[in-house]
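# Chains, contacts and geometry: an overview
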Amino acid sequence: MKRTAFAAMAAAASTTASSALAQSVSTNPAGSGPINAALEWVQGTLLGNLATTAAVIAVAVVGFLMLTGRIEWRRGLTVVIGCFIIFGAAAIVAGIRSVAGVTH
């Protein structure tokens, strides 16, 4: 009995919360041109050829150090996961935006 009442309250709360969270989002506010240009430059730098080369070298060096026992596996996996997060950031944000119902 308690579970069904809790489920009903949770369903009611989620439907009212989703309608409250549905707001219109402006894609580019007025005066944000220079800021957007700077952020696009940072994104291009972080995801460009130089960054990709550096990440490949870092993963190769860390992998070699892990295989020879000079670095602990936990620290090595942290480097690899960090590379996944950096290069997958656009997909991660797109997934979060789609779950939140925000349109671009």
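Scroll up to find the structure this text is about.
Residues numbered from 1 in each chain as written. Predicted model: local features only at pLDDT ≥ 70, side-chain atom pairs only at ≥ 80, totals over all residues. Heavy atoms only, no water.

### So, a nonpolar patch on the surface
Stated formally: A residue counts toward a patch only above 30% relative accessible area and without a salt bridge, and it is joined to like-charged neighbours within 9 Å or, for Val, Leu, Ile, Met, Phe, Trp and Tyr, to nonpolar neighbours within 5 Å. Note that accessible areas follow from Shrake-Rupley with a 1.4 Å probe, and for residues the cover is restricted to the protein chains shown. By definition, a salt bridge exists where a carboxyl oxygen of Asp or Glu is found within 4 Å of a side-chain nitrogen of Lys or Arg. Numbering goes from the N terminus for both helices and strands, where a helix is a DSSP run of H or I of at least four residues and a strand is a run of E of at least two. Working definition: with a 1.4 Å probe on protein chains only, accessible area under 20% of the residue-type maximum means buried, over 50% means exposed, and in between means partly exposed.
On the surface, W41, V42, L46, L47, I86 and F87 cluster together to form a nonpolar patch covering roughly 580 Å² of accessible area. Those elements that place two or more of their residues in the nonpolar patch are α2 (33-47) and α4 (73-87). It is α2 that contributes the most residues to the nonpolar patch, 4 residues altogether. Of note, F87 is situated in helix α4. A residue is classified by how much of its surface remains accessible, and F87, at 36% relative accessible area, is partly exposed.

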